[in-house]
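Here is how the chains run, residue by residue.
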Amino acid sequence: MDPLEGKFPHLPERIIRLGELASNLWWSWHPEARAIFHLLDGNGAEFKIFNPVKMLYELDGSVLDAAAKDTRFLRRYDAVMARFDAEMNAYGSWFYSRIADPGKLQIAYFSAEYGLHHSLPFYAGGLGFLAGDFLKECSDLGVPLVGVGFMYPEGYLHQKLSADGWQMGEREVLDREQAPICHVRDKDGQPLVIKVPIMELPINFEVWKAQVGRVTLYLIDTDIEENDPWNREMSARLYTEDPEQRLVQEILLGIGGTQILNALGIKHSILHLNEGHSAFAILERIREKVEKGMSFRDASEQVKATTVFTTHTPIPAGHDVFPFSLMDKYFSSYIPLLELDRDSFYKLGVDPKDPTAGFNMTAFALRMSAYCNSVSKKHEEVTRKMWQHLWPDPPENKMPIDYITNGVHISTWLDARISALFNKYLGPNWLADHDNSFIWELIDDIPDDELWRTHRLLKMIMMASLQERARLRWLEDHADPNMMMASGVMLNPNALTIGFARRFATYKRAALIFQDAERLKGILTNQKKPVQFIFAGKAHPSDYSGKLLIQQVFNAARDPYFGGRIAFVEDYDEEIAQYLVHGVDLWLNNPLIPFEASGTSGMKAEINGNPQLSVLDGWWLEGFNGKNGWAFDGDGNDNTDCRDAQEIYNIIEKDIVPLYYEKDEAGIPHGWVRVMKESIKSTVPAFSSRRMVKEYVLKFYQGAMKSANGIKQ
Ligand SMILES: *Cc1c(COP(=O)(O)O)cnc(C)c1O
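Not measured: the values here are computed from a predicted model.

K.L.:
Is there a simple way to explain the overall build of the chain in this structure?
P.N.:
In terms of regular secondary structure, the chain is built from 27 helices and 20 strands. Computed over its C-alpha atoms, the radius of gyration of the chain comes to 25 Å, within 12% of the 27 Å expected for a compact globule of 713 residues. Dimensions of the chain along its principal axes, counting C-alpha atoms only, are 80 × 70 × 55 Å. A total of 713 residues make up the chain; the buried ones form 61% of that total. Accessible area of the chain: about 27500 Å², with a carbon and sulfur share of 51%. Once the 76 positive and 97 negative side-chain charges of the chain are each reduced to a mean point, those two points are 3 Å apart.

K.L.:
Can you help me understand the pairing of strand β6 (residues 193-196) in this one?
P.N.:
Each regular strand shows side chains that alternate between the opposite faces of the sheet. Residues Ile194 and Val196 of β6 are buried on one face, while the alternating residues Val193 and Lys195, pointing to the opposite face, are not. Both β6 and strand β7 (residues 203-212) contribute to a ladder of four bridges, which runs antiparallel. The partner of Val193 across the bridge, within β7, is Glu206.

K.L.:
Help me out: how do you make sense of empty space enclosed by the protein in this one?
P.N.:
Any space left empty among the atoms is revealed by the rolling of a water-sized probe across them. Tallying each qualifying case throughout the model produces two cavities of 30 Å³ or more. Approximately 60 Å³ is the volume attributed to the largest cavity. Lining the largest cavity we find Ala112, Phe150, Tyr152, Leu238, Tyr239, Arg246, Gln249, Glu250, Leu253 and His277. With four residues, the top contributor of residues to the lining of the largest cavity is helix α9 (residues 243-263). Broken down by class, the residue content of the lining of the largest cavity amounts to six nonpolar, two polar and two charged. Empty space within the second largest cavity amounts to approximately 30 Å³. Forming the boundary of the second largest cavity are Glu275, Gly276, His277, Gly318, His319, Asp320, Met361 and Thr362. Across the lining of the second largest cavity, the residue classes break down as one nonpolar, five polar and two charged.

K.L.:
Help me out: how do you make sense of the side chain of Gln167 in this one?
P.N.:
Within the fold, Gln167 resides in strand β4 (residues 167-170). Judged by relative accessible area, Gln167 falls into the buried class, the value being 3%. Here Gln159 takes part through its side chain, which lies 2.9 Å from a polar atom of the side chain of Gln167. Within the structure, the side chain of Gln167 is placed 2.8 Å from the backbone oxygen of Ala539, a separation counted as a polar contact. In this structure, Gln167 is in contact with Leu157, Gln159, Lys160, Leu161, Lys538, Ala539, Lys547 and Ile550, ignoring residues within four places of it in sequence.

K.L.:
Looking at this structure, I do not really get the pairing of strand β17 (residues 566-569). What am I missing?
P.N.:
Burial along β17 is two-sided: Ile566 and Phe568 facing one way and Ala567 and Val569 facing the other are all buried. As for the winding sense of the linkage, the β-α-β connection from strand β16 (residues 531-536) through helix α21 (residues 544-557) to β17 is right-handed.

K.L.:
Teacher, can you tell me more about the pattern of salt bridges here?
P.N.:
A side chain of one charge can pair with a side chain of the opposite charge when the charged atoms of the two come close. One pass over the structure, following the stated rule, counts 46 salt bridges. Note that Arg690 is salt-bridged to Glu137, the shortest N-O span being 2.7 Å. Of this pair, Arg690 sits in helix α27 (residues 689-710) while Glu137 sits in helix α7 (residues 126-141), and the two are 553 residues apart along the sequence. Overall, Arg690 belongs to the buried group, its relative accessible area being 9%. A relative accessible area of 1% means that Glu137 is categorised as buried. The salt bridge involving Asp477 is made with Arg473; its shortest N-O contact spans 2.8 Å. Here Asp477 and its partner Arg473 are both found in helix α18 (residues 448-477), four residues apart, which amounts to about one turn of the helix. Here the salt bridges do not stand alone but share partners, grouping Glu441, Asp444, Arg674, Glu678 and Lys681 into one network.

K.L.:
Can you walk me through the nonpolar core in this structure?
P.N.:
One broad trend across soluble globular proteins is that nonpolar side chains are buried collectively. Of all hydrophobic cores here, the largest spans 139 residues; its most connected members are Leu18, Leu21, Phe280, Phe331, Phe345 and Tyr701. Each residue touching Leu21, except ones within four places of it in the same chain, is listed here: Trp26, Trp27, Ala33, Ile36, Phe37, Val80, Met81 and Phe84. Grouped together as the second largest cluster of nonpolar side chains are 97 residues, Phe129, Ala479, Ala510 and Leu512 included.

K.L.:
Mind showing me how you'd approach the site of the ligand here?
P.N.:
Around the ligand sit 13 residues in total, of which Arg502, Lys508, Thr600, Ser601 and Lys604 are the nearest. Lys508 places a polar side-chain atom, nitrogen or oxygen, 2.6 Å from an oxygen atom of the ligand. A distance of 2.7 Å separates an oxygen atom of the ligand from a polar backbone atom of Thr600. When the ligand is considered free in solution it has 390 Å² of accessible area, and contact with the protein chains removes 95% of it. Within the residue set of the shell around the ligand, elements represented by two or more residues are α7 and α23 (601-607). Tallied by class, the residues present in the shell around the ligand amount to four nonpolar, five polar and four charged.

The rules behind the values
Residues numbered from 1 in each chain as written. Predicted model: local features only at pLDDT ≥ 70, side-chain atom pairs only at ≥ 80, totals over all residues. Heavy atoms only, no water. Helix = DSSP H or I, 4+ residues; strand = E, 2+ residues; numbered from the N terminus. Rg over C-alpha atoms; globule rule 2.2 N^0.38 Å. Buried < 20%, exposed > 50% of the residue type's maximum accessible area, 1.4 Å probe, protein only. Areas by Shrake-Rupley, 256 points an atom, 1.4 Å probe, with all protein chains shown as cover. Lys, Arg positive; Asp, Glu negative; His and termini not counted. Charge placed at Lys NZ, Arg CZ, Asp CG, Glu CD. Pairing = 2+ DSSP bridges. 1 Å grid on protein atoms, 1.4 Å probe; cavity = no way out; pocket = protein on both sides within 12 Å on 5 of 7 lines; lining within 4 Å. Points joined across faces, edges and corners; volume = space filled by probe spheres on them. Nonpolar A, V, L, I, M, F, W, Y, C, P; charged D, E, K, R; others polar. Polar contact = N/O pair within 3.5 Å; in protein donor to acceptor, adjacent residues only side chain to side chain. Contact = heavy atoms within 4.5 Å. Right-handed = clockwise from strand over helix to strand, strands pointing away. Salt bridge = Lys/Arg side-chain N within 4 Å of Asp/Glu carboxyl O. Core = buried A, V, L, I, M, F, W, Y, C linked by side-chain atoms within 4.5 Å. Near = heavy atom within 4 Å.

So this is what it looks like as structure tokens:
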């Protein structure tokens, strides 16, 4: 049954497929698709949240009727639909031509969060965007994958600051009917309801789907009438602190998520866990085999041989550990179904360093997956140190862990105006072949002044968007005038502009540059060569020290001492991220070593020609080549904050500012543009999700596929 049936009744026949196009996030990485919606909307949408489903609902029938007769519109509509159809067909894809018939195999990808677009608030930060970019790239490459995750109708958190800079959570519930998702229905046309029976009070959930090009993402929604109020809330928000609620969420994701695939008849032969939150999916796969008569041992070997596990963080709090007493409450009737006793079951999740702490999801996933990876070369070393003791026997390298460095989805994060330059100078195949480094040698053919003018334009657009946000906040909330001063309205398009935006987790050290206020002030308020900073980011609602950091940055932003050269932008989301990574001159990254497993926001800036200044951690150890930005070597010792801040001031003063302001008579900073070009050239091919997904396929999925083929289904 067509899930869109009846959703857009007022669409004229000639353009009826606009409904299908609006409901497929394919538009989020195809500017020509977004452009036809903007045409309908009279191009008035520059600063509005872009959501074509909502737009189609709200547009007047007469506008749609007129479009259906407008030959200029129809030409573009037909061209976009033809491209859409060509890209939806997996038989022209890389996967089909190089690996296998995508019709014969299915990979199930589980993640607790997905960052796809700001109209779908199902993410908290980098992990989510990694998963979102992964799905988009699998669509582009034709990798036969389905995603499973949560629909968090209240998302992570909408951030508003009080007049004194304290982060307040705002609840805002997603309007499911007007989001680019649709209900999954059963064969009678009713919403599909799945019951997770292992709870004493069974939880029911409905299933939604988001279409991400060729890839379908299934989303769990517990907010339905059959559930009691506590359970209805279960999928409301991301990353709750309450351990019991968190355990239930992870049961829903792993076990409930597997049941979605079964209910829909999707037989997956490979399981990929994006972080440990979803590791119970392994159990459910084993249980199914045991139910059919296999021994636990054989079943777990088969499941292991076809499971991929990606670990994402060296931060201990990022690894869930559930007390055994809590596990008993939910698993006591499940364990016998695995034909295991309590002790042997819990052994699978014990961390020998802390055996009484409980069931450790990472230890469990590492033991039960044949293919494990970390997300950068450095992170592999760190992960080995963290988990080597699970494999106590020499030789040392028996631990089955590899690394696949993260990458970002180029069509999502590259600005369309920069792509237009590539179209002009790199030949017609640059996008299709963007992970091939040869193409990027041609970047030097782009005239410096053209790249610089494009960058200047993007910087202006970013500043205009921040000012427009501030104006709306002023208009709607009568916000405090001090707050307005802090929000970016005083930014100067001619000043060297540095961006810092990410979650305000303490290890990321958002307030590091305020270590030496006087020295900072000197840099910012230099008459001839001013520097300014734009900050954005949310703290986890229960992270008190993260909120203090926000307050510290906000107070600096509204303090006349820094001369209006610091801005804090509220409610960091995918949309602000886009403006910032396109529009700032320089990206700053200064986490405490070694806690940044990879980091991706710097990649997003670099591909747009905006170099980063970063501590040598995560991906920058592989990415930095001496020409494509700046690096310093944080030492990880006690007074490292002070030392690292001085390093940053030194590099900004001695290297960055002079290079940025050294311009020819026409105002072009050729030396700076050289660094911009190096950023693009070195980052696009090597740190794209294209390179990353191909690595997952070649290193892991191919081997897992062989094992799967050896197993009688
Ligand atoms: C890319 C991205 C992140 C991740 O940033 P890191 O610097 O890697 O932590 C977080 N939030 C948003 C909105 C992003 O786009």
